[in-house]
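# An overview of the molecular structure
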Amino acid sequence: QVQLVESGGGLVQAGGSLRLSCAASGRTFSRYAMGWFRQAPGKEREFVAAISWTGIRTSYPNSMKDRFTISRDNAQNTVYLQMNNLKPEDTAVYYCAASDTSGVVTTTGEYNYWGQGTQVTVSS
C-alpha cells in the first residue's frame, strides 16, 4: 500500500508551464506503475499520462502527448508531470495514481491508490 501526495498546482497563464509532483510513501514505490489523471467540474476523470515502474514506457492521450511529459525518480519516490503550453481547457484537479502492475496503465479502474489532487487553473 502507498500514500500519494500531489503538489505543484496553481494558477498559470495560457501558454505557460507547470510541473506537478507526486510524492509516494513506502519502500516499494519503484514496483508500481504510476499515472496522472485530471477531472474538471462536471466531467469524468480523464487519463493524462502513465509510466511503467521502470520508467521506460510511457503513454499519453493524443491531445496531450506533445505538451505533457511524465517522468519518475524512484530514488526520491516521486513522479512528475511536466505540462507545457497550457491551455484554459487544461484547468482541472490533477490526481496522481499508483497501480500494482509494472506496465503502463491508462484506465482509472486499474489503479489501486489515489492522491487527493492538486488544482491547476489556466487563465486566458
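The structure this text deals with has already been given above.
Anyway, here's the lowdown on the structure attached to this text. (Residues numbered from 1 in each chain as written. Predicted model: local features only at pLDDT ≥ 70, side-chain atom pairs only at ≥ 80, totals over all residues. Heavy atoms only, no water.)

In this structure, Met 34, Trp 36, Leu 81, Met 83 and Tyr 94 are the most contacted members of the largest nonpolar core, which totals 28 residues. Listing elements by their share of this core, those giving two or more residues are β3 (18–24), β4 (33–39), β5 (46–51), β7 (68–73), β8 (78–83), β9 (92–99) and β11 (118–123). Residue contacts for Tyr 94: discarding those within four places in its chain leaves Glu 6, Leu 20, Trp 36, Phe 37, Arg 38, Val 48, Phe 68, Leu 81, Met 83, Gly 117, Thr 118 and Val 120. Judged by nonpolar contacts, the second largest core, of seven residues, contains Phe 37, Phe 47, Ala 50 and Ala 97. (Core = buried A, V, L, I, M, F, W, Y, C linked by side-chain atoms within 4.5 Å. Buried < 20%, exposed > 50% of the residue type's maximum accessible area, 1.4 Å probe, protein only. Helix = DSSP H or I, 4+ residues; strand = E, 2+ residues; numbered from the N terminus. Contact = heavy atoms within 4.5 Å.)

According to the stated counting rule, one finds one disulfide in the structure shown. The side chain of Cys 22 participates in a disulfide bridge whose partner is Cys 96; the two sulfur atoms lie 2.1 Å from each other. Judged by the sign of its S-S torsion, about -80°, the bond between Cys 22 and Cys 96 is left-handed. Note that Cys 22 is positioned in strand β3 and Cys 96 in strand β9, a separation of 74 residues in sequence. Summarising the burial analysis for this pair, Cys 22 and Cys 96 share the class buried. (Disulfide = S-S within 2.5 Å.)

A separate point is unusual backbone geometry. The backbone phi angle of Asn 77 is positive, close to 55°, even though this residue is not glycine. Inspection of the secondary structure puts Asn 77 in the loop between β7 and β8. The class for Asn 77 is partly exposed, based on a relative accessible area of 23%.

Applying the stated rule across the entire model yields five aromatic pairs. Summarising the aromatic geometry, the rings of Phe 37 and Phe 47 are spaced 5.6 Å apart at their centres and angled 65° between planes, so their arrangement reads as edge-to-face. Placement of Phe 37 in strand β4 and of Phe 47 in strand β5 is noted, with a sequence separation of 10 residues between them. Phe 37 gets classed as buried once you look at its relative accessible area, which sits at 1%. The ring of Tyr 95 has Arg 45 sitting right over it, with the charged end atom 3.9 Å from the ring centre. Sitting over the face of the ring of Trp 114, Arg 45 holds its NZ or CZ atom 4.8 Å from the ring centroid. (Phe/Tyr/Trp six-rings, centres within 6.5 Å; stacked < 30°, edge-to-face > 60°. Lys NZ or Arg CZ within 6 Å of the ring centre and 35° of its normal.)

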